[in-house]
Amino acid sequence: MVHGVLHTVRQDLFVGAFAFRPLPPLDDARLARRLSWLPQRARRLARWLPHGAVAFLAACIFLGSVGPGYGASAPRQMLDVVLALMMAVPPVLVLSRPVGAFWLSLLAFVVESIGTRFFSPYADVWSSAFVVHLAVMALVVLRTRPRLAVEMWVVTFGLGSVVSVLARNGALGDMPPVAFFSAVVLVSVAAVRAWREERRQVVETRSVTAEERSRRTLLEERALIARELHDVVAHHMSVIAIQAEAAPYRVTDPPPELTKSFATIRENAVAALTELRRILGVVRSEDPDAFAERDPEAPQPTLASLDALLDSVRGAGLTVESVVTGAARPLPQGVELSAYRIVQEALSNALRHSPGADARVEISYVLGGIGVRIVNGPPSRLAKPSPGAGHGLLGMRERVQMLGGEMTADATEEGGFEVAAFLPVANTAAETARGGSGA
């Protein structure tokens, strides 16, 4: 145990004592929250407020230590200047080399005590060197770790005990009350440092937890998208397999090469369906019951099912207005499914977070794609807390990014919320024609 304690003291106070450990400026985001009333240029300068405060303290220490020596002899004035520098440098050194500042302050304390003929360094509780040394120890604790308070206290008063015993023939003088006062100060500073460290760890833990929750929500949404994509692709692959199997029977005496080609197409289509099911099983392996409440054989919804969705939302108490602009036309199944899910999620968020509000759904068929806009007004009554707040937006963005579209989601000036997305569709007319001929 003793070996472990000595090893810890050696690592804290001796190894790398003068290593460069600069104090970083204050965080810009935190200053923007707490000092939002200041101009941006003033906030940039406020980042260096701790450094300026320590530099001001060092200047006051230097001026206060040099002042009493005016009018004295030249050697005494020179001694006062040297001692003033030795006491003023450690506070500034704490900003870059905290442990080294402690040793320099201790040296200045001993030199000041001997130079002013204080045979006991602690003869005067309010000695300037003692006050500066105590302040330096407090700053070092704030910059490093709480246990350094005990280590520095033991080193300082251990050395003071030896000096006092040798100088006073075994008398300790005023050391016990001074040691007790210093212990109270350092323990208080160490408690503040421990509280700040604990608070920082709690904030980091919360941030990591929020990131993990968002990541899990994103993965769950991707699993849902994978299942829906499987249903969309599987439908078309099934049509290809059926058409390839039936094509040879539509022609009298088809050539063997044609029959073989259609057989190959059907085999590849069936293999692709099998591979899709296998990949979907891997995606859903972590949560096999994620879609247990859904009917796996039910067709995926499209914009044709939007009226049924709006009726169900109105039945839940949300007043919804629907507007469709442009010439409605059939779109690729994946695009219609994503548009439907975006409307569904946005209306669900309105129900949860804006109870009693009115909502408006706008579907715009434009050249090159489809626009979806859902906006709701401010709530008319207090909303109940929802643990999943904001996570539905991740799923919307995933769907939009998957299709190469764009999306915005932000609060409105009236206190409501607006979700707007554009889903591009390339060569819609050609795809529709191909789809009609294939059917």
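Going by what an unreviewed UniProt entry lists, the chain is known as histidine kinase and is assigned to Streptomyces noursei. As recorded by UniProt, the Catalytic activity (unreviewed entry) comment attached to the chain reads in full: "ATP + protein L-histidine = ADP + protein N-phospho-L-histidine."

So, the overall build of the chain
Counting its regular elements, the chain contains 14 helices and five strands. Out of the 439 residues in the chain, the part that is buried amounts to 33%. Pairs at least 24 residues apart make up 70% of the contacts formed inside the chain by residues separated by at least 6 positions. For the chain, the exposed surface amounts to about 26000 Å²; the carbon and sulfur share of it is 62%.

A short note on helix α7 (residues 128-143)
Taking 1.5 Å per residue as the helical rise, α7 with its 16 residues ought to reach 22 Å, and the 23 Å between its terminal C-alpha atoms agrees with that figure. If you check which residues of α7 are buried, you get Ala129, Phe130, Val132, His133, Leu134, Val136, Met137, Ala138, Val140 and Val141.

Side note on helix α11 (residues 306-315)
Buried residues of α11: Leu306, Leu309, Leu310 and Val313, and no others. Down the axis, α11 shows its buried residues gathered within 95 degrees of arc, on one side only. Exposed and oriented more than 90 degrees from the buried face of α11 are Asp307, Ala308 and Gly315. The elements touched by buried residues of α11 are β1 (319-325), α12 (333-353) and β2 (358-366). Positive backbone phi, approximately 110 degrees, marks Gly317, located one or two places after α11.

Focus on the environment of Ala55
Within the secondary structure, Ala55 is located in helix α4 (residues 49-66). Classification of Ala55 by relative accessible area gives partly exposed; the value is 41%. Linking Ala55 and Ala88, residues 33 residues apart in sequence, is a C-alpha distance of 9.0 Å.

Some points on the side chain of His133
Within the secondary structure, His133 is located in helix α7. A distance of 3.2 Å separates polar atoms of two side chains, one belonging to His133 and the other to Thr156.

Focus on the side chain of Thr144
The topology assignment puts Thr144 in the loop between α7 and α8 (147-167). Separated by 2.6 Å, the side chain of Thr144 and the backbone oxygen of Val140 make a polar contact.

A short note on the sheet that holds β2
Taken in spatial order, the five strands of this open sheet run β1-β2-β3-β5-β4, and their pairing is mixed. Bordering the open sheet on either side are β1 and β4 (406-411), each of which pairs with just one other strand. Looking at each pair of strands side by side, their axes are set apart by 10 degrees on average, direction ignored. Across the sheet, α11 touches β1 and β2, and the angle it forms with β1 is around 160 degrees.

Some remarks on the packing of α11 against α12
One way to put it is that α11 packs onto α12 with a least axis distance of 11 Å and a crossing angle of 5 degrees. Judged on the interaxial angle alone, α12 and α11 are roughly parallel. Two secondary-structure elements touch here, α11 through Leu306, Leu309, Leu310 and Val313 and α12 through Tyr340, Val343, Gln344, Leu347 and Leu351.

Observations concerning the pattern of salt bridges
Here the structure, examined in full by the defined rule, presents 10 salt bridges. For the salt bridge of Glu197 with Arg193, the shortest nitrogen-to-oxygen distance reads 3.6 Å. Of this pair, Glu197 and Arg193 both sit in helix α9 (residues 175-246), separated by four residues, roughly a single helical turn. Classification of Glu197 as partly exposed rests on a relative accessible area of 23%. With a shortest N-O distance of 2.6 Å, Arg360 and Glu362 are connected by a salt bridge. Here the salt bridges share partners, and the residues they tie into one network are Glu321, Arg360, Glu362, Arg373 and Glu418.

Some thoughts on a nonpolar patch on the surface
Nonpolar side chains collect at one region of the surface, where Val81, Leu85 and Val89 lie side by side and expose about 210 Å² of accessible area between them. Locating Val89 in the fold gives a position in helix α5 (residues 74-93).

Quick notes on the packing of aromatic side chains
For any pair of aromatic rings, geometry is given as the distance between the ring centres together with the angle between the planes. Taken as a whole, this structure holds four aromatic pairs when the rule is applied. Plain terms: the ring middles of Phe14 and Trp103 are 5.2 Å apart, the flat faces sit at 45 degrees to each other, and that makes the pair tilted. Within this pair, whereas Phe14 is found in the loop between α1 (2-13) and α2 (28-34), its partner Trp103 is found in helix α6 (residues 98-115), the two being separated by 89 residues in sequence. Between Trp153 and Phe157, the ring centres sit 5.4 Å apart and the planes meet at 40 degrees, which makes this aromatic pair tilted. Of this pair, Trp153 and Phe157 both sit in helix α8, four residues apart, which is roughly one turn of that helix. Judged by its relative accessible area of 5%, Phe157 is buried. What links up through ring pairs into an aromatic cluster is the set Phe14, Phe102 and Trp103.

Comments concerning the pairing of β2
Bridging between β1 and β2 involves seven bridges; their strand directions are parallel. Along β2, the bridge assignment pairs Thr319 with Asp358. As defined by bridge partners, β2 adjoins strand β3 (residues 369-376) across eight bridges and the pair is classed as antiparallel. The partner of Ile363 across the bridge, within β3, is Val372.

A word on the pairing of strand β5 (residues 417-424)
Pairing analysis gives eight bridges linking β3 to β5, with the strands arranged antiparallel. Bridge assignment links Gly371 to a residue of β5, and that residue is Phe422. When β4 meets β5, the two strands line up antiparallel, connected through six bridges. Within β5, the position partnered with Glu406 by the bridge is Phe422. The hairpin formed by β4 and β5 contains five residues between the paired strands, and Gly415 there has a positive phi angle of roughly 100 degrees.

So, how was this worked out
Residues numbered from 1 in each chain as written. Predicted model: local features only at pLDDT ≥ 70, side-chain atom pairs only at ≥ 80, totals over all residues. Heavy atoms only, no water. UniProt positions renumbered as here; feature names shortened; annotations may be inferred. Helix = DSSP H or I, 4+ residues; strand = E, 2+ residues; numbered from the N terminus. Buried < 20%, exposed > 50% of the residue type's maximum accessible area, 1.4 Å probe, protein only. Contact = heavy atoms within 4.5 Å. Areas by Shrake-Rupley, 256 points an atom, 1.4 Å probe, with all protein chains shown as cover. Expected span 1.5 Å × (residues − 1). Arc of directions from axis to C-beta. Polar contact = N/O pair within 3.5 Å; in protein donor to acceptor, adjacent residues only side chain to side chain. Pairing = 2+ DSSP bridges. Axes fitted to C-alpha atoms, helices over the stretch in contact; angles between N-to-C directions. Parallel < 35°, antiparallel > 145°, perpendicular 65-115°, else oblique. Salt bridge = Lys/Arg side-chain N within 4 Å of Asp/Glu carboxyl O. Patch = residues over 30% accessible without salt bridge, like charges linked within 9 Å, V, L, I, M, F, W, Y side chains within 5 Å. Phe/Tyr/Trp six-rings, centres within 6.5 Å; stacked < 30°, edge-to-face > 60°.

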